[in-house]
Amino acid sequence: MADHFENLLETYGLVILFPTIFFETFGLPLPGESALVATSALAAKGSLNIVAVAITASLAAIAGDNVAYLIGRRYGRAIILAYGTRFGITEEKYEAAERATNTYGAYVVVCARFFVLLRQLNGLVAGSANMPWMKFFVANVVGSVLWVLFWTILAYQFGQHVSLQAKGLHHISVIVAILVPIALVLMFVFGRKALLGRITLNKKGGP
């Protein structure tokens, strides 16, 4: 299946990339990240334009998450869980994403693209939790663009210097998909602690 999907990407390129990333945001088990890496590697070989890949992926990610947000806002948690099991959206996964969104808000929306679970449920949870749309939209654009730029630049540069096979790209994506979220979480946790420490000091030193 991996070889077949790679052949589809090489043959149809952006026509396959857009719906793969777009529908992944609804919780469908589609390889959005792998598709982005593969098309960026193809661009490095001259088969596709890397700018077109980045723009297509960004638009797909932003559009998909916003449609998912509207679904969550319109139908709510109960309806999503009632029908989401057909697409792999279990109550446990949804609750985990919900807890993260309720605790960290826009920070989760920005970082969601780098997490497998949050990338698929981000828009649905934000919508059902009634997060203000403008707040979600801005955070989602930032997160989507950062995610796209990270993978397109990495795969494009790597693809220009070495010959990459599908398995090699897969291993790289797995490793980075683990390391990047950890780094983002650590940056957020320590940055939040430092901010809270400053607020406490300001209160103590205040009148």
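Here's what I pulled together on the structure shown here. Note that the coordinates shown come from a computational prediction; the quantities given were computed from them, not determined experimentally.

1. Observations concerning the packing of aromatic side chains
Per the counting criterion, the structure on display carries 6 aromatic pairs. With 4.9 Å between their ring centres and 20° between their planes, Tyr-69 and Phe-136 make a pair best called stacked. Of this pair, Tyr-69 sits in helix 4 (residues 50-84) while Phe-136 sits in helix 8 (residues 133-161), and the two are 67 residues apart along the sequence. For Tyr-69, a relative accessible area of 2% puts it in the buried group. Residues Phe-114 and Phe-150 carry aromatic rings whose centres are separated by 6.1 Å and whose planes lie at 75° to one another, so their mutual orientation is edge-to-face. On the criterion of sequence distance, the pair formed by Phe-114 in the loop between helix 6 (106-111) and helix 7 (116-128) and Phe-150 in helix 8 is long-range, its members being 36 residues apart. You can call Phe-114 buried: its relative accessible area is 10%. An aromatic cluster is present here, built from Phe-18, Phe-22 and Phe-23 joined pairwise through their rings. When the ring centre of Trp-147 is taken as reference, the NZ or CZ atom of Arg-113 above it lies at 4.9 Å.

The rules behind the values
Residues numbered from 1 in each chain as written. Predicted model: local features only at pLDDT ≥ 70, side-chain atom pairs only at ≥ 80, totals over all residues. Heavy atoms only, no water. Phe/Tyr/Trp six-rings, centres within 6.5 Å; stacked < 30°, edge-to-face > 60°. Helix = DSSP H or I, 4+ residues; strand = E, 2+ residues; numbered from the N terminus. Buried < 20%, exposed > 50% of the residue type's maximum accessible area, 1.4 Å probe, protein only. Lys NZ or Arg CZ within 6 Å of the ring centre and 35° of its normal.

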